[in-house]
Amino acid sequence: MPHKSENSRDDTARLAAPDPRSMPGAIESTDALGKHLKPRHLVMMSLGCAIGTGLFVGMGKGIATAGPAVLLAFALASFLIILIIRMLGEMAAANPNSGALSVYVGRAMGPTAGVTLGWLWWAAMVVSIAAEATAAATILHSLWPSLPQWGLALTFMGIFTAMNLAGVSKFGEMEFWFAALKIGAIIIFLGVGVAILLGAMPNAESPGLSNLFDHGGFMPNGISGIGAALLIVIFTFGGTEIVAIAAAETEDPKKNIARATRSVIYRILIFFVGSVVIMVTVLPWHSKELQSGPFVAVLKFAGIPGIDLIMALVIATALLSSLNANLYAASRMIFSLSKRGSAPQRFSTVSKNKVPRAAVVASVAFGFVAVLLNYLWPETILFVLLNTVGSVNLLLWVAAVLAHIVLRRRADRDPTIQLPLKMWAFPYLSYLAAALLAGIFALALLDAASRTQILATSALASVIALIYWVRHKRLGSAQVDSSQPVPTQVNAASTEATSI
């Protein structure tokens, strides 16, 4: 019989019995949340987070930074996120938890790492909420200048705060239709783009493949341009990990997480990679129109009457969908941190409709601050917000890969642990993902702006870790081990198999 490590036995014991150190509200309990999300909600919510400001607006800046070589950045990021989603799927199927990656990192690398990552991820989502509201307000203000940008941002923040307080089933259904709308828009965009390239659009001459190699070549800004574009591209994919968080609010998380992760993977290849191929092939990479709004620019080039207005409205709606999904994800993360004793206790309380209201309000607060920022600096606030988040996502990816490798090796040593969903070709693809991430870091550090973002994010993470470490030392044995959330009673899942 395979040898069972001391770490594995300790993990099993902690999961099988109540923790005597536990205090009310300090332990993760997904039973406090609703169980009303369906598999289709999981898929659309994950895409809803990812298909937003980064793809519709920020990608123009990525193209301007790297030229047609942004395709290399996108291909690399797409391959990586597919591997990472699979790794998250393996961990989430074995241990559905609203703390998701924060909990898995804590179990793999200790409570300080888990709590630090949780707070850092929450902060990134909070900034993303402000970015989505700002981007939608910017688009609608450009269509109707009489509507103040700050006023639109305020309206959006108010509406979606109320929506997230209404209940997870209502939120899930609304997000499903929001995401379906923008997926439909992308499908139309892909169809029009292909028609242009085939010469089937009467009002648009096909450029062939000339835009990929003219105007300075395929890589006009060199390797450093690709490195700088990577952080923007990574922001585009930020939010897909919501599929692991939302799984905790489904009736059959182990089954649904497997279905959702498989579905998200092929949608990424079609919608994300396909869209960027169309953008850089139809129009020259240095086109001002492409930089300001790539989707609208391509459709205007097609000569479709009124398409710029229609697409602008669709994009604004899509951005608000991302705001909605990001607010959900952020509130559940701080709820989980509170349940584990690493955030103020009030964030772990839920209302009669199973919504963590205080967590929602805390997660939306910076979005209302951004309303003031829109009033003071309407021209610059959006890209400041976009650049802030990219480096955080890169750090999250690194943590996800390392946590998966540690937990999978631990699970493989313990015959009592069953994994409903497994990573492909472990450990080879996991190690490849780690190597690619190391390469991305090296490329990003070649660019001054990217280097500044990474150093700032690392400094923030260090501050969070130091605060937690000092707090842990002061509380001593009364401090709840945040890397090991333990159910107050053995649930059905844990009677079937030990979780990783």
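## Describing the overall build of the protein
- The secondary structure content of the protein amounts to 20 helices and 0 strands.
- Looking at the protein as a whole, 59% of its 500 residues qualify as buried.
- With the model as given, the accessible surface of the protein reaches about 18,900 Å², and the carbon-plus-sulfur share is 67%.

## Description of the packing of helix H7 (residues 149–165) against helix H16 (residues 357–376)
- In contact at an axis separation of 8 Å, H7 and H16 are set at 175 degrees when each is read in the N-to-C sense. One way to sum up the angle between H7 and H16 is to call them roughly antiparallel. Mapping the contact onto sequence places Gln-149, Trp-150, Ala-153, Leu-154, Met-157, Gly-158, Thr-161, Asn-164 and Leu-165 in H7 and Arg-357, Val-360, Val-364, Gly-367, Phe-368, Val-371, Asn-374 and Tyr-375 in H16.

## Here we look at the pattern of salt bridges
- In this structure the tally under the stated criterion is 2 salt bridges.
- The partner of Arg-408 in a salt bridge is Glu-90, with the nearest N and O atoms 2.8 Å apart. Placement of Arg-408 in helix H17 (residues 381–412) and of Glu-90 in helix H4 (residues 70–94) is noted, with a sequence separation of 318 residues between them.
- A salt bridge links Asp-412 to Arg-408; the shortest N-O distance between them is 3.1 Å.

## So, the nonpolar core
- Grouped together as the largest cluster of nonpolar side chains are 149 residues, with contacts concentrated most on Phe-56, Val-70, Phe-237, Phe-295 and Trp-397.
- Beyond its immediate sequence surroundings of up to four residues, Trp-397 is in contact with Ala-77, Leu-80, Ile-81, Ile-84, Ile-234, Phe-237 and Leu-437.
- Val-127, Ala-130, Ala-131 and Leu-385 belong to the second-largest nonpolar core, a separate cluster that totals 7 residues.

## With respect to the confidence of the model for the protein
- Residue-level pLDDT values for the protein average 79, and 82% of them are 70 or greater.
- The weakest mean pLDDT in the protein belongs to helix H20 (residues 492–496) at 32; the strongest belongs to helix H9 (residues 210–213) at 93.
- Confidence drops under pLDDT 50 across residues 1–31; counting only partners more than four residues distant or on other chains, this segment forms 65 contacts.
- Predicted confidence is poor over residues 477–498, with pLDDT under 50, and the contacts of this stretch with residues over four places away or in other chains come to 53 contacts.

## Description of the packing of aromatic side chains
- This model, assessed by the stated rule, comprises 4 aromatic pairs.
- Their ring planes at 90 degrees and their centres at 5.0 Å tell us that Phe-176 and Trp-177 sit as a pair that is edge-to-face.
- Looking at Phe-176, the relative accessible area reads 14%, which means it is buried.
- Relative to Phe-295, the ring of Phe-189 has its centre 4.3 Å away and its plane inclined at 40 degrees; by these criteria the two rings are tilted. On the criterion of sequence distance, the pair formed by Phe-189 in helix H8 (residues 168–197) and Phe-295 in helix H14 (residues 294–301) is long-range, its members being 106 residues apart. Here Phe-189 matches Phe-295 in class, with each residue buried.
- In this structure, Arg-346 is placed above the aromatic ring of Phe-347, and the distance from its NZ or CZ to the ring centre is 5.0 Å.

## Concerning the packing of H8 against helix H15 (residues 307–339)
- At a minimum axis separation of 9 Å, H8 and H15 run at an interaxial angle of 145 degrees. Viewed along their axes, H8 and H15 form a crossing whose handedness is left-handed. For the pair H8 and H15, contact is made by Val-168, Phe-171, Glu-175, Phe-178, Ala-179, Leu-181, Lys-182 and Ala-185 and by Met-311, Val-314, Thr-317, Ala-318, Ser-321, Ser-322, Asn-324, Ala-325, Tyr-328 and Arg-332, respectively.
- For the contact of H8 with H15, a count of residues per class yields 11 nonpolar, 4 polar and 3 charged.

## Remarks on the environment of Leu-198
- Position of Leu-198 among the secondary structure elements: in the loop between H8 and H9.
- Along the primary structure Leu-198 and Gly-208 are separated by 10 residues, whereas in three dimensions their C-alpha atoms are 7.9 Å apart.

## Observations concerning the side chain of Thr-281
- Relative to the assigned elements, Thr-281 resides in helix H12 (residues 253–282).
- On the basis of relative accessibility, which here comes to 3%, the residue Thr-281 falls in the buried class.
- A distance of 2.6 Å separates a polar atom in the side chain of Thr-281 from the backbone oxygen of Val-277.
- Ignoring anything within four residues of it in the chain, the contact list for Thr-281 reads Leu-197, Pro-207, Gly-208, Leu-209, Asn-211 and Leu-212.

## Focus on unusual backbone geometry
- Cis geometry is adopted by the peptide bond preceding Pro-427, which originates at Phe-426 and carries an omega value of 5 degrees.
- The topology assignment puts Pro-427 in the loop between H17 and helix H18 (428–445).
- Phi at Lys-354 is positive, roughly 65 degrees, even though this residue is not glycine.
- Along the chain, the position of Lys-354 falls in the loop between H15 and H16.
- Look at Lys-354 and you get partly exposed, because its relative accessible area is 35%.

Reading the values: the criteria
Residues numbered from 1 in each chain as written. Predicted model: local features only at pLDDT ≥ 70, side-chain atom pairs only at ≥ 80, totals over all residues. Heavy atoms only, no water. Helix = DSSP H or I, 4+ residues; strand = E, 2+ residues; numbered from the N terminus. Buried < 20%, exposed > 50% of the residue type's maximum accessible area, 1.4 Å probe, protein only. Areas by Shrake-Rupley, 256 points an atom, 1.4 Å probe, with all protein chains shown as cover. Axes fitted to C-alpha atoms, helices over the stretch in contact; angles between N-to-C directions. Parallel < 35°, antiparallel > 145°, perpendicular 65-115°, else oblique. Contact = heavy atoms within 4.5 Å. Salt bridge = Lys/Arg side-chain N within 4 Å of Asp/Glu carboxyl O. Core = buried A, V, L, I, M, F, W, Y, C linked by side-chain atoms within 4.5 Å. pLDDT = per-residue confidence, 0-100. Phe/Tyr/Trp six-rings, centres within 6.5 Å; stacked < 30°, edge-to-face > 60°. Lys NZ or Arg CZ within 6 Å of the ring centre and 35° of its normal. Left-handed = near helix turned anticlockwise from the far one by under 90°. Nonpolar A, V, L, I, M, F, W, Y, C, P; charged D, E, K, R; others polar. Polar contact = N/O pair within 3.5 Å; in protein donor to acceptor, adjacent residues only side chain to side chain.

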